Amino acid sequence: MIETLFRNAFGAAPAVSGFTPGRVNLIGEHTDYNGGYVLPTALELGLNIALSPRNDNSIRIISEGYDEVAQIALDGKVEEHWSDYARGALVFAGKNGLMSGGADIAVISNLPQGAGLSSSAAITVGLLKLARSLSKSELDDVKISQIARQIENDFIGMPCGIMDQMAVAIAQPGQALFLDTAALIYKVIDIPESHHMAVIHSGKYRLLNEGRYKERKEECDVVKESLGRDDICQISDKDFSSLAKLDNVYQRRARHCMTEHRRTIRAAKALKDKDFKSLGQLMVESHISMRDDFEISLPAIDILVEDAVALGANGARMTGGGFGGCIVACVEKSRLNDWRNALLAKHQDAFYVC
Ligand code: ADP
Ligand code: MG
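What counts and what doesn't
Residues numbered from 1 in each chain as written. Chains lettered and ligands numbered in written order. Predicted model: local features only at pLDDT ≥ 70, side-chain atom pairs only at ≥ 80, totals over all residues. Heavy atoms only, no water. Buried < 20%, exposed > 50% of the residue type's maximum accessible area, 1.4 Å probe, protein only. Helix = DSSP H or I, 4+ residues; strand = E, 2+ residues; numbered from the N terminus. Pairing = 2+ DSSP bridges. Expected span 1.5 Å × (residues − 1). Contact = heavy atoms within 4.5 Å. Axes fitted to C-alpha atoms, helices over the stretch in contact; angles between N-to-C directions. Parallel < 35°, antiparallel > 145°, perpendicular 65-115°, else oblique. Left-handed = near helix turned anticlockwise from the far one by under 90°. Nonpolar A, V, L, I, M, F, W, Y, C, P; charged D, E, K, R; others polar. Patch = residues over 30% accessible without salt bridge, like charges linked within 9 Å, V, L, I, M, F, W, Y side chains within 5 Å. Areas by Shrake-Rupley, 256 points an atom, 1.4 Å probe, with all protein chains shown as cover. Salt bridge = Lys/Arg side-chain N within 4 Å of Asp/Glu carboxyl O. Lys, Arg positive; Asp, Glu negative; His and termini not counted. Charge placed at Lys NZ, Arg CZ, Asp CG, Glu CD. Near = heavy atom within 4 Å. Polar contact = N/O pair within 3.5 Å; in protein donor to acceptor, adjacent residues only side chain to side chain. Core = buried A, V, L, I, M, F, W, Y, C linked by side-chain atoms within 4.5 Å. Domains from an automatic or database assignment.

Engineer: So what about the pairing of strand β7 (residues 175-180)? Which residues, and what values?
Structural biologist: With six of its six residues buried, β7 lies for the most part within the structure. Pairing analysis gives six bridges linking β7 to strand β8 (residues 185-190), with the strands arranged antiparallel. Counted as the bridge partner of leucine 177 is valine 188 from β8. As consecutive antiparallel partners, β7 and β8 are separated by four residues, and within that stretch leucine 184 has a phi angle of approximately 55°, a positive value.

Engineer: Can you tell me about helix α2 (residues 84-95), naming the residues and giving the values?
Structural biologist: In a regular helix each residue adds 1.5 Å, so twelve residues correspond to 16 Å; α2 covers 16 Å between its end C-alpha atoms and thus fits that length. Three or more residues of α2 are buried, namely Asp84, Ala86, Arg87, Gly88, Ala89, Leu90, Val91, Phe92 and Ala93. Check the buried side of α2 and you find it contacts β3 (40-53), β4 (58-63), β5 (69-73), β6 (103-109), α3 (119-135) and α4 (141-156).

Engineer: Tell me what's going on with the packing of helix α9 (residues 276-292) against helix α10 (residues 299-310), and back it up with residues and numbers.
Structural biologist: It is at 11 Å that the axes of α9 and α10 come closest, and there the two elements cross at 165°. Of the possible angle classes, the one that applies to α9 and α10 is roughly antiparallel. For α9 against α10, the interelement crossing comes out left-handed. Seen from α9, the contacting residues are Val284, His287 and Arg291; seen from α10, they are Ile301, Asp302, Val305, Glu306 and Val309. Broken down by class, the residue content of the contact of α9 with α10 amounts to four nonpolar, one polar and three charged.

Engineer: Outline the sheet that holds strand β11 (residues 326-332), supporting the account with residue identities and numerical values.
Structural biologist: Reading across the sheet, the four strands line up as β10-β11-β9-β12 and stay open at both edges, with antiparallel pairing between neighbours. Strands with a single pairing partner mark the edges of an open sheet, and in this sheet they are β10 (315-318) and β12 (351-352).

Engineer: Pulling in residues and values, what's your account of a negative patch on the surface?
Structural biologist: A surface patch of like charges, here negative, comprises Glu218, Asp221, Glu225 and Asp230. With respect to the element layout, aspartate 230 can be found in the loop between α6 (212-227) and α7 (237-241). Classification of aspartate 230 as exposed rests on a relative accessible area of 56%.

Engineer: So what about the site of ligand 1? Which residues, and what values?
Structural biologist: Taken together, 16 residues lie around ligand 1, and Ser63, Trp82, Gly114, Ser119 and Ser120 are the ones closest in. In this structure, glycine 116 approaches ligand 1 through a main-chain N or O atom, which is 3.1 Å from an oxygen atom. Serine 119 is positioned such that a nitrogen or oxygen atom in its side chain is 2.6 Å from an oxygen atom of ligand 1. Coverage of ligand 1 by the protein amounts to 88% of the 560 Å² it exposes when considered alone. Every element with two or more residues in the shell around ligand 1 is listed here: β6 and α3. The class makeup of the residues in the shell around ligand 1 is seven nonpolar, eight polar and one charged.

Engineer: Account for helix α8 (residues 248-272), with residues named and values stated.
Structural biologist: Residues separated by three or four positions in an α-helix point in the same direction, a consequence of the helix having 3.6 residues per turn. Over its 25 residues, α8 extends 36 Å from the first C-alpha to the last, a length consistent with the 36 Å expected when each residue adds 1.5 Å. Looking at where α8 begins, the residue whose side-chain oxygen comes 3.0 Å from the main-chain nitrogen of valine 249 is aspartate 247. Positioned one or two residues after α8, lysine 274 has a phi angle of 60°, which is positive.

Engineer: Tell me what's going on with the nonpolar core, and back it up with residues and numbers.
Structural biologist: Core analysis: the biggest nonpolar cluster contains 113 residues, and Leu39, Ile105 and Trp339 have the highest contact counts within it. The leading source of residues in this core is α3, at eight residues. Here this core spans two domains, since at least three of its residues come from each of domain 1 (2-190) and domain 2 (195-352). Sequence-distant contacts of isoleucine 105, that is, excluding residues within four places in its chain, are made with Phe6, Phe10, Ile49, Ala50, Leu51, Ile59, Arg60, Ile61, Ile62, Leu90 and Leu127. Judged by nonpolar contacts, the second largest core, of eight residues, contains Ile2, Ala50, Ala106 and Ile108.

If you want it as structure tokens, here you go:
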């Protein structure tokens, strides 16, 4: 229990506590910094966080799984320490009038980290929401998401879009968020009871800030420069043909953004209509686009996705930033157990997340 962990570490009950889910993206990959749609869903797994404000500028943080109570100054440099995201959240809570000093924090998570399931967004959004509840601020969840994104962009130096923060701030477990990342307009869609969006970890680990995510973002910047606009996702086929002068790599990056955006709109409709055949097909097409045009998959993940579909999923694809992490598969609940056992028997490194 989060209250017990907090009390054992800091000797008093926390002032506030709450749960923030992780998220998995069903479709719409690398569209969120290119003016497109995304369709993430909140997971049952996530972070329980408890917090009490402090009168000084220090932070004490305990997180199950880390063998220390970290004690840090609010105004120190980013240390490449596990507490960086939490510290960033408090620094930005301060800048936005949600908090006026440090805090004692306890975290219990059942969400794997670094798996593309947004534990980082869950910790920043979770802490900002707790600070909001203490300050009685009226900042809405969209604004909280924007601040959480700033923490990743400006404090951590991770150039992510807004999808993760919006997904974990707004969607509840079992709900998908059909989000226009340019206008920040969204619709919440319930995942029908008949199906499960299964998350399987490939067993291949990646570090997002190791550079390849930045590389793709920079390649998109070249496309944006050539188009004279930032919303690559929204371009027409005619606009796309104007990119013929660019190296083929950039054309493929642009084609992924353009087609992935269109697939995401169709997938949201399919989900709403309970048309799992179309949804599954779109997920498969999305994976092929990530594999061939955006080039962010790995051969081992391609095979995992192929087997997931061959063994009875409606559709499957790699999910998250790329180069490792998880796949997501749309599976009829009545087949889930058999499907999962058969898939994991073929892939010794893979494991079921949720
Ligand atoms: P993810 O794909 O899970 O978002 P990231 O590398 O973006 O992976 O974020 C992981 C970072 O988020 C960790 O290094 C840590 O700073 C923070 N974090 C995530 N979960 C926890 C936790 N349970 N306790 C403390 N910090 C956490
Ligand atoms: Mg993250």
